[in-house]
Amino acid sequence: MQAVAVFIALFTLSTKIRKAWKERHAARIQAQEKFFSGREKTDAVLQLAYEQSFGSHATVPEIKALLNHPTDAVGVARARAKAGPHIIWTGTWFVMRSKASNSWRLFLYAAWVLIPGVVGVATLTYAVPALLYAHYLIGFLLLAETAVLFAACFLNFRDFDNYAAARRLTKSKP
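Cut-offs applied
Residues numbered from 1 in each chain as written. Predicted model: local features only at pLDDT ≥ 70, side-chain atom pairs only at ≥ 80, totals over all residues. Heavy atoms only, no water. Phe/Tyr/Trp six-rings, centres within 6.5 Å; stacked < 30°, edge-to-face > 60°. Helix = DSSP H or I, 4+ residues; strand = E, 2+ residues; numbered from the N terminus. Buried < 20%, exposed > 50% of the residue type's maximum accessible area, 1.4 Å probe, protein only. Core = buried A, V, L, I, M, F, W, Y, C linked by side-chain atoms within 4.5 Å. Contact = heavy atoms within 4.5 Å. Expected span 1.5 Å × (residues − 1). Arc of directions from axis to C-beta.

Asks: A description of the packing of aromatic side chains should follow, citing residues and the corresponding values.
Replies: Tallied over the entire structure, the rule returns three aromatic pairs. Taking 4.9 Å as the distance between ring centres and 40° as the angle between the ring planes, the aromatic pair formed by Tyr-50 and Phe-54 counts as tilted. Of this pair, Tyr-50 and Phe-54 both sit in helix 2 (residues 43-54), four residues apart, which is roughly one turn of that helix. For Tyr-50, a relative accessible area of 1% corresponds to the buried category. Following the ring pairs from residue to residue traces out a cluster consisting of Trp-89, Trp-93 and Phe-94.

Right, here's the structure in full:
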């Protein structure tokens, strides 16, 4: 009976989170449409509009270079918003901040995503029997550890996605 109540609570929470995410995504798309529709703006208004639309700060020359991209202005603007810590502005376009080889970086990111994921699954497999056999404190501690490990895995995966956006941005030089 308690499991059903927990399931209903989690289902309701996930539904509300999904609805909030959809509303936030729709508002972001509307802000991006507004940003690209009015190109005759002062520099300060241009920066504020970019920050509101993409959730990232950029300088005026960067924004103007993104707007003047010949084939994919929206794609490079979104990639710039995601790739912030991985890129450097050179005055004409963006370059990667790190000169590390791609295979080495891919290996490191895969390790940093897989290690918390595998350890999280292992911790979860120990948490369920602990909860079933009335070792509640140990079970809840293991569940909390699992949540932290999956959060670390998710954050590492997001950083990997941001690095991929940086690679796309640097390769799309006009």
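Let's pick the thread back up.
Asks: Account for the nonpolar core, with residues named and values stated.
Replies: Counting residues in each nonpolar core, the largest one holds 27 residues, and the members touching the most others are Phe-35, Tyr-50 and Leu-169. Put simply, the parts of the chain that give this core at least two residues each are helix 1 (2-37), helix 2, helix 3 (60-67), helix 4 (73-82), strand 2 (94-96) and helix 6 (136-171). Apart from the residues within four sequence positions on either side, Leu-169 is in contact with Leu-66, Val-76, Ala-79, Arg-80, Ile-87, Trp-93 and Phe-94.

Asks: Break down the environment of Val-121 for me, with residues and values.
Replies: For Val-121, the position within the fold is in helix 5 (residues 102-132). Residues Val-121 and Asp-72, 49 residues apart in the sequence, show an inter-C-alpha distance of 40 Å.

Asks: Can you tell me about helix 2, naming the residues and giving the values?
Replies: For helix 2, with twelve residues, the first-to-last C-alpha span of 16 Å sits near the 16 Å given by 1.5 Å per residue. Every buried residue belonging to helix 2 is among Leu-46, Ala-49, Tyr-50, Ser-53 and Phe-54, and all of these are buried. Projection of helix 2 onto a plane perpendicular to its axis shows the buried side chains occupying an angular sector of 100°, all on one side. Structural note: helix 2 exposes Leu-48 and Gln-52 on the side pointing more than 90 degrees away from its buried face. With its phi angle positive at about 70°, Gly-55 sits one or two positions after the end of helix 2.

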